[in-house]
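Architecture at a glance
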Amino acid sequence: MSDYPEPLHNDDLAVETAKPRLKRPPLYRVLLLNDDYTTMEFVIDVLTSVFHHSEEKAAQIMMHVHQKGSGICGVFTREIAETKVEQVMQYAQQNKHPLQCTMEPDSDDDGE
């Protein structure tokens, strides 16, 4: 006979449950597209007000958009990226600029 009491029921045994592994949400790039009408100043305004970039960083992104045709404004979860695209499009429309903004899955996202 042992020094420990026998369990009365099978459900008296402690079972450790595994913690669920959380998966990071997929990320999306928000891009500005170059056009021949939107002023550089307005693009910098968008980048500082919507994406909260510094003036210097906004100028770098704006030049990239101007020279390469498009540029990444930021990388966000889907819902935030959708909101940013909508904010840019509304702001451009309110200010009578044809600036286009879009989003795409971030290829650097490893999905883990």
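Quick note: structure is the one above.
Residues numbered from 1 in each chain as written. Predicted model: local features only at pLDDT ≥ 70, side-chain atom pairs only at ≥ 80, totals over all residues. Heavy atoms only, no water.

1. Considerations on the overall build of the protein
What counts, and what does not: The helix and strand labels rest on DSSP assignments: H or I over at least four residues marks a helix, E over at least two residues marks a strand, and numbering proceeds from the N terminus. Burial here depends on accessible area, computed with a 1.4 Å probe over protein chains only, as a share of the maximum for the residue type. Under 20% is buried, over 50% is exposed, and the range in between is partly exposed. The contact definition used throughout considers only heavy atoms, calling two residues in contact when any of these lie within 4.5 Å. Each accessible area is a Shrake-Rupley result for a 1.4 Å probe, and residues are judged covered by the shown protein chains and nothing else.
A count of helical and extended segments in the protein gives 3 helices and 3 strands. Within the protein, the proportion of its 112 residues that are buried is 29%. A sequence separation of at least 24 residues applies to 74% of the contacts in the protein between residues at least 6 apart. Put simply, the protein shows about 8600 Å² of open surface, and 52% of that area lies on carbon and sulfur atoms.

2. Comments concerning the sheet that holds strand 3 (residues 100–105)
We count it as follows: Pairing between strands is defined by DSSP: at least two bridges between them are needed. Angular values range over 0 to 180 degrees, each being the angle between N-to-C directions of two axes fitted as lines to C-alpha atoms, with helices fitted over their stretch in contact.
Overall, antiparallel pairing links the 3 strands, which are arranged 2-1-3 in an open sheet. In this open sheet, the two edge strands, each paired with only one partner strand, are strand 2 (70–77) and strand 3. For this sheet the average axis-to-axis angle between neighbouring strands, irrespective of direction, equals 30°. Packed on one face of the sheet, helix 3 (residues 78–94) meets strand 1 (27–33), strand 2 and strand 3 and runs near 165° to strand 3.

3. Concerning the pattern of salt bridges
To be explicit about the condition: Any Lys or Arg side-chain nitrogen found within 4 Å of a carboxyl oxygen on Asp or Glu counts as a salt bridge.
Under the counting rule described, the total for this entry stands at 3 salt bridges. Where Arg29 meets Glu104, a salt bridge forms, and the shortest distance between an N and an O atom there is 3.4 Å. With a gap of 75 residues between them, Arg29 in strand 1 and Glu104 in strand 3 connect regions that are remote in the sequence. A salt bridge links Arg29 to Asp106, with the shortest nitrogen-to-oxygen separation between them at 2.9 Å. Remark: Asp106 occurs in the segment after strand 3 and Arg29 occurs in strand 1; sequence separation between them is 77 residues. Neither residue differs from the other here; Arg29 and Asp106 are each classed as buried. Each of the salt bridges in this network shares a partner with another, and the network as a whole consists of Arg29, Glu104 and Asp106.

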